[in-house]
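# Close look at the chain arrangement
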Amino acid sequence: MRPATPQFNNVRTFYERPLLDRWTGRYTAEWENADGVHRKTVHNRLRDFEGNAPSLHSLLRLPRILRTYLASRRRPILAHPVPFLVLDAVLFLDEILEPGMRVLEVGGGNSTLWFLERGAQVTTIEHSPEWAREIERYATDKLGAEAAARLDLHVCEGVDAIERIERLGSGTRNLALIDCKNAHTWRRDCVAAARPKLRSRGWMVLDNSDHPNNWSSVELMSDLERVRFTGFAPMCPVVTQTSFWQVKGSSVGVLASPLAA
Ligand SMILES: C[S@@+](CC[C@H](N)C(=O)[O-])C[C@H]1O[C@@H](n2cnc3c(N)ncnc32)[C@H](O)[C@@H]1O
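Calculation rules
Residues numbered from 1 in each chain as written. Predicted model: local features only at pLDDT ≥ 70, side-chain atom pairs only at ≥ 80, totals over all residues. Helix = DSSP H or I, 4+ residues; strand = E, 2+ residues; numbered from the N terminus. Rg over C-alpha atoms; globule rule 2.2 N^0.38 Å. Buried ≥ 20, exposed ≤ 12 C-beta atoms within 10 Å, placed from the backbone. Contact = placed C-beta atoms within 7 Å. Pairing = 2+ DSSP bridges. Axes fitted to C-alpha atoms, helices over the stretch in contact; angles between N-to-C directions. Near = placed C-beta within 6 Å. Nonpolar A, V, L, I, M, F, W, Y, C, P; charged D, E, K, R; others polar. Arc of directions from axis to C-beta. Parallel < 35°, antiparallel > 145°, perpendicular 65-115°, else oblique. Left-handed = near helix turned anticlockwise from the far one by under 90°. Right-handed = clockwise from strand over helix to strand, strands pointing away.

With that settled, the discussion passes to the overall build of the protein chain. Along the protein chain, the regular secondary structure elements total ten helices and ten strands. Radius of gyration (C-alpha) of the protein chain: 18 Å, near the 18 Å computed for a compact globule of 261 residues. Of all 261 residues assigned to the protein chain, the portion counted as buried reaches 40%. If you take every contact in the protein chain between residues at least 6 apart in sequence, the share linking residues at least 24 apart comes to 70%.

Pairing is antiparallel across the open sheet formed by three strands, whose spatial order is β1-β2-β3. Lying at the two open borders of the sheet, with one neighbouring strand each, are β1 (12-14) and β3 (36-43). On average, each strand axis in the sheet is tilted by 20° relative to the strand beside it, whichever way the strands run. As paired strands, β1 and strand β2 (residues 26-33) are joined by three bridges and run antiparallel to one another. Opposite Arg12, over in β2, you have Glu30 as the bridge partner.

Attention now moves to the site of the ligand. The immediate surroundings of the ligand are formed by 17 residues, with Pro76, Phe84, Gly107, Gly109 and Ser111 found nearest. The residue inventory of the shell around the ligand, partitioned by class, reads six nonpolar, eight polar and three charged.

The next subject is the sheet that holds strand β5 (residues 121-126). A sheet is described by the order of its strands in space; here seven strands give the open sequence β6-β5-β4-β7-β8-β10-β9, paired in mixed fashion. Of all strands in the sheet, those with a lone pairing partner are β6 (151-155) and β9 (226-233), marking the two edges. Averaged over all pairs of adjacent strands, the angle between their axes in this sheet comes to 15°, without regard to strand direction. Contacts from helix α3 (residues 62-74) reach β9 and β10 (236-246), with the element oriented near 100° to β10. In the packing of helix α6 (residues 129-143) onto the sheet, contacts are made with β5 and β6, and the angle to β6 comes to roughly 165°.

The next subject is unusual backbone geometry. Phi at Arg201 takes a positive value of approximately 70°, unusual for a residue other than glycine. The residue Arg201 is located in strand β8 (residues 198-207) in this model. You can call Arg201 exposed: it has 11 C-beta atoms within 10 Å. A positive phi angle, near 60°, is found at Asn208, a position not held by glycine. Its location among the elements puts Asn208 in the loop between β8 and α10 (215-220).

Attention now moves to helix α8 (residues 158-166). Those residues of α8 not exposed but buried are Ala161, Ile162 and Ile165. Buried residues along α8 cover an arc of 95° about the axis, so they all sit on one side. Against β4 (102-106), β5 and α9 (187-194) lie the buried residues of α8.

So, about the packing of α8 against α9. Two numbers describe how α8 lies on α9: the axes approach to 9 Å, and their chain directions differ by 15°. With respect to α9, the element α8 is oriented roughly parallel. When the axes of α8 and α9 are compared, the crossing they make is right-handed. Across the interface between the two elements, Ile162, Ile165 and Glu166 from α8 touch Asp189, Cys190, Ala193 and Ala194 from α9. Per-class residue counts for the contact of α8 with α9 are five nonpolar, no polar and two charged.

Time to look at the pairing of β4. Most of β4 is tucked away: five of the five residues are buried. Burial of the side chains of β4 extends over both faces: Arg102, Leu104 and Val106 are buried on one face and Val103 and Glu105 on the other. Across five bridges, β4 lies against β5 in parallel orientation. Bridging across to β5, Arg102 finds its partner in Gln121. For the segment spanning β4, helix α5 (residues 110-117) and β5, crossover handedness is right-handed. The pairing of β4 with strand β7 (residues 173-178) spans four bridges and is parallel. The partner of Val106 across the bridge, within β7, is Ile178.

One way to put it is that α5 packs onto α6 with a least axis distance of 10 Å and a crossing angle of 30°. In terms of crossing hand, the pair formed by α5 and α6 is right-handed. Note on element contacts: α6 touches α5 through Ile135, Tyr138, Ala139 and Leu143, opposite Thr112, Leu113, Leu116 and Glu117. Here the contact of α5 with α6 is composed, by residue class, of six nonpolar, one polar and one charged.

Next up, the structure:
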């Protein structure tokens, strides 16, 4: 049975037997909420946190995953940038994305450049100034002035990041990718703030939706059908999950502002 969802970003993950578990990928998540302390142990080279096996598509591409993992240690922005999401989710994203679409992204990187290469207008919220500079440099040097001009990059985190999202026009985005580091900006707050910004038939995309820290984000979208992909992501030889939800009508007013409390 799934243990109670953490109410805050307070999940601690650790290896119980560091030397052995680091290689096998067996690790434990522990968190506390009103019901007490909860623990869950997974083998994350075999299953995601919800117990789902990786897709055959991503399993067959493990050599490519390992190649991009090694390449990213030398050069963090890949020669051919690809989002750091489950491979099947990248294929799905490629199908739903069209040139001119307006994308909001919290947590930038290779995904930012991939969106720009496909003609999207991208608003990226990124906590790290150094990483933001890397993204901007690649956009200008490799993609050119036209693509770089389609990037609206903001360096901020926490409450500032949520306020930044809240200032965007309601119902103006075709897609929101929530992929930031929870320690800087809690993904649940991003989902709550970003959902009203989606147009009718726009998409919410949440990476690592299997992780206990993100279960409360998944719950915020639970009135909609979820499209879930489990598998390996580029540069990441552990099993993870990316989820998509398509909003039916305008979501304005569905969720209270995370800053309202
Ligand atoms: C999960 S990553 C975001 C990945 C991005 N959405 C993508 O698909 O490529 C979350 C954060 O990790 C940091 N990050 C990601 N890759 C990095 C790298 N190679 N070097 C430094 N920081 C990195 C950035 O601050 C980023 O916002």
